[in-house]
Amino acid sequence: MQVLEKKREEIEAKANTMSDFLKMEYLESCLKAVPDINVSKYCYKKLSELYEKKIMYPEAAKYIAKFGELCIGSKEKVEAIVKEAELLAKAGQYDPADYLYKKAMALVDEQEKFQIKRNMVTFYKQEASNFEKSNRSSAALKVYEKLVHFVTDAERNDVRRRMLEIYRRLGKVKEYIRLKSELDKFG
């Protein structure tokens, strides 16, 4: 696709007249044709939003990561890292998401670190709840198995009870018995 626009405002105006998939193609062409950093940041962020809207989470994560690389301010960079982690988690890639959450926490002070961790726990709980509502017990179990390492003791017991119920539903007897004995032992 040919790109005649050179300024961010011009690109934004033209992109707003297009359908989502055409907009994706246009913005990717803009990245190749226009070497301006502000244009690149806009294109990467917009591409990430478009791919997320179309439930194409790995692609959305790729573009938000590229956006984060161009960010100068630490607040903007941390927000991009957290968003990338959420997108990877939505894509079912929990290990890279955990790595990114830890990377984001390493860049901030204690108060912001606590806030990022709370947001991560809330996000994981919401994801697991959505999976349970749509009868996707295996997917919910994966989320709970990740989540159990990040929560405090009171929440950990709630998460373990949810896991226990899912183990029962899935017929994972060995895991059910092991977790049930742990819960009985510690209350």
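Parameters at a glance
- Residues numbered from 1 in each chain as written.
- Predicted model: local features only at pLDDT ≥ 70, side-chain atom pairs only at ≥ 80, totals over all residues.
- Heavy atoms only, no water.
- Helix = DSSP H or I, 4+ residues; strand = E, 2+ residues; numbered from the N terminus.
- Buried < 20%, exposed > 50% of the residue type's maximum accessible area, 1.4 Å probe, protein only.
- Lys, Arg positive; Asp, Glu negative; His and termini not counted.
- Salt bridge = Lys/Arg side-chain N within 4 Å of Asp/Glu carboxyl O.
- Phe/Tyr/Trp six-rings, centres within 6.5 Å; stacked < 30°, edge-to-face > 60°.
- 1 Å grid on protein atoms, 1.4 Å probe; cavity = no way out; pocket = protein on both sides within 12 Å on 5 of 7 lines; lining within 4 Å.
- Points joined across faces, edges and corners; volume = space filled by probe spheres on them.
- Nonpolar A, V, L, I, M, F, W, Y, C, P; charged D, E, K, R; others polar.

S.K.: I keep staring at the side chain of Glu-86 and nothing clicks. Help me out?
M.R.: Looking at where Glu-86 falls in the secondary structure, it is placed in helix α5 (residues 74–90). Buried charged residue Glu-86 carries no salt bridge. Nearest counter-charge: Lys-83, at 4.3 Å.

S.K.: In this structure, what is going on with the packing of aromatic side chains? I would like to understand it.
M.R.: Counted under the stated rule, the structure contains 5 aromatic pairs. When the ring of Tyr-51 is compared with that of Tyr-63, the centres are 5.5 Å apart and the planes differ by 10°; the resulting orientation is stacked. Residue Tyr-51 is located in helix α3 (residues 37–53), and its partner Tyr-63 is located in helix α4 (residues 57–70); the two are separated by 12 residues in the primary sequence. Taking 6.2 Å as the distance between ring centres and 40° as the angle between the ring planes, the aromatic pair formed by Phe-123 and Tyr-124 counts as tilted. You'll find Phe-123 and Tyr-124 in the same group, each marked buried. Each residue in the set Tyr-94, Tyr-101, Phe-123 and Tyr-124 is aromatic and connected to the rest through ring pairs, giving one cluster.

S.K.: Is there a simple way to think about the layout of surface pockets in this case?
M.R.: Any empty space left between the atoms is revealed when a probe the size of a water molecule rolls over them. The calculated volume of the largest pocket comes to roughly 260 Å³. Taken together, the elements giving at least two residues each to the lining of the largest pocket come down to α5 and α7 (110–133). Along the lines of polarity and charge, the residues of the lining of the largest pocket split into 5 nonpolar, 3 polar and 3 charged.

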